[in-house]
Amino acid sequence: MRNPIFVTQPSLPPLDEFIPYLEKIWASKTLTNGGPFHRELELALCAYLGVKHIALFTNGTIALVTALQALRITDEVITTPYSFVATAHSLKWNGIKPVFVDIDPKTLNLDPTKIEAAITPQTTAIMPVHCYGNPCDVDAIQEIADNYNLKVIYDAAHAFGVQCHCGSVLNHGDLSVLSFHATKVFNTFEGGAIVCPDAKTKQHIDHLKNFGFVNETTVVATGINGKMSEINAAFGLLQLKHVDRVLTRRREIDSLYRDLLHGIPGIRCIQRTGQQVANYAYFPILVEPDYPLTRDELHERMRDTNVFGRRYFYPLISDFPMYRGLPSSARANLPVASEISEKVICLPIYPDLSDDDVKRITTTIHHHSK
Ligand SMILES: Cc1ncc(COP(=O)(O)O)c(C=O)c1O
């Protein structure tokens, strides 16, 4: 059996490059609580991403939970069922009811034309996701938010480095939340961040992520421990030195897949929509009815060759037990998301994937197309 290929593999810099960072941490004995690497990474990420303020977090999920707290979001929030479950879980952890709205068949993001119909007097915010790093229709979403006086918090876990028509996509909405999980384009082992529009909001969020402390004796909010440690921050600084190479290799793999899969009846690659700069975070394909195998059959045949694509996002968030009883979870309300989640497979993509690996994966897909 040939070597296994998983849907992703974390990108790691050479180990010896990390040792000097560790030596500094050992010398300073500052392990967390906003140490020098933490401050340096915040500034470096602002410069790299083209955003004004960033608050680092221990992971993306706690960052989402905190973002909702920071804006005091309550009652009902409109969101997408076609995402990783943490999107809706962050709402539930705040006692907020998710209201699922269907996705656009091209972008696979929240369909702005369907948002208004889901707004009620209880709606306080919209939480869209830039799925696979494809930007949402940020202008249409902002217009609705302005008309109905709603906040917008983007789950931008997939959108590191993505630029839309007007620069970083992370500058849209009231807040944007990143994940630096091991599987992401840019990882700090675990990690996350909130992109904030102004210094005051960042300061509030910095208090919230540190139990609500503003100084040694004053606690101003029911905060949480969401701080990123020095070791993760130092690792992030090192990763940032390599991220352009990582993105270049991802782009090469993305175009090789597109070339090799071109013209296979029933295999549809998702078109990139709306980004001036993409991050090639995922490579989703849709298995259409004119392909001889079903999506699950193709997924299985790939596994037979030791290639582990992922049906991502399947099931829909709205199909999980804690959400399926909601009226907005009804399949009839989510026809596009339901269809896409039955057709999708994310193919492996990561910087160390070789051209031969890509050929091996696409050969299986070709082989079964006849
Ligand atoms: C869309 C989306 N939202 C939220 C998260 C949660 O981020 P984390 O794993 O850093 O908590 C992830 C990924 O893990 C994600 O893909």
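The structure this text deals with has already been given above.
## Some points on the site of the ligand
Around the ligand, a shell composed of 16 residues is seen, among which G60, T61, D155, S179 and K184 lie nearest. Contact distances for the ligand include 2.5 Å between an oxygen atom and a side-chain N or O atom of T61. Between the ligand and the protein, one listed contact pairs an oxygen atom with a side-chain N or O atom of S179 at 2.7 Å. Alone, the ligand offers 390 Å² of accessible surface; in the complex the protein occludes 93% of this. When contributions to the shell around the ligand are tallied by element, the ones reaching two or more residues are α3 (60-70) and α4 (86-92). Ranked by the residues each element gives to the shell around the ligand, the list is headed by α3, at 3 residues. Its residues assigned to classes, the shell around the ligand comprises 5 nonpolar, 9 polar and 2 charged.

## What about the pairing of strand β10 (residues 192-196)?
Most of β10 sits inside the fold, with 5 of its 5 residues counted as buried. Alternating residues of β10 divide into G192, I194 and C196 and A193 and V195, and every residue in both groups is buried. One ladder, built from 5 bridges, connects strand β2 (residues 53-57) with β10; its direction is antiparallel. By the bridge assignment, I54 is partnered in β10 with V195. Bridging between strand β9 (residues 175-179) and β10 involves 4 bridges; their strand directions are antiparallel. In the strand pairing of β10, S179 is matched with G192.

## Some details on the pairing of strand β4 (residues 97-100)
As judged from the 4 bridges shared by strand β3 (residues 76-79) and β4, these two strands associate in the parallel manner. Paired with V77 across the bridge in β4 is P98.

## Re the sheet that holds strand β6 (residues 151-155)
Strand order in the open sheet formed by 7 strands is β2-β10-β9-β6-β5-β3-β4, and the pairing between neighbours is mixed. With one partner strand each, in any of the chains shown, β2 and β4 form the two edges of the open sheet. Averaged over all pairs of adjacent strands, the angle between their axes in this sheet comes to 25 degrees, without regard to strand direction. As judged from the 2 bridges shared by strand β5 (residues 123-127) and β6, these two strands associate in the parallel manner. From the neighbouring strand, A125 faces β6, where its bridge partner is K151. Contacting β2 and β9, helix α2 (residues 36-49) crosses the sheet at an angle of about 130 degrees to β2. Relative to β9, α3 is tilted by about 165 degrees, and along the sheet it contacts β2, β5, β6, β9 and β10.

Conventions we followed
All chains use their own residue numbering, which begins from 1 and follows the written sequence. The predicted nature of this model means local features are confined to residues of pLDDT at least 70 and side-chain atom pairs, given and counted, to a pLDDT of 80 or more, with totals for whole chains, interfaces and linings taken over all residues. Here the side-chain values reflect all heavy atoms present in the structure, with hydrogen atoms and water set aside. Throughout, the term near means that a residue has one or more heavy atoms lying within 4 Å of the molecule or strand in question. Polar contact is defined as a pair of N or O atoms within 3.5 Å, subject to the rule that within protein one atom must be able to donate a hydrogen and the other to accept it, and that residues adjacent in sequence are counted only when both atoms are side-chain atoms. In this description, accessible areas are obtained by the Shrake-Rupley approach with a 1.4 Å probe, and a residue is regarded as covered only by the protein chains that are shown. The numbering of helices and of strands both runs from the N terminus, where a helix is a DSSP run of H or I of at least 4 residues and a strand a run of E of at least 2. Side-chain classes are defined by residue name, with Ala, Val, Leu, Ile, Met, Phe, Trp, Tyr, Cys and Pro counting as nonpolar, Asp, Glu, Lys and Arg as charged, and the others, Gly among them, as polar. Burial classification: accessible surface area is computed with a 1.4 Å probe over protein chains only, and a residue below 20% of its type maximum counts as buried, one above 50% as exposed, and the rest as partly exposed. Two strands are said to pair when DSSP picks up at least two bridges between them. Where helices are involved, their axes are fitted lines through C-alpha atoms of the stretch in contact, as for all axes, and angles between N-to-C directions lie from 0 to 180°. Here, residues are in contact when the closest pair of their heavy atoms is within 4.5 Å.

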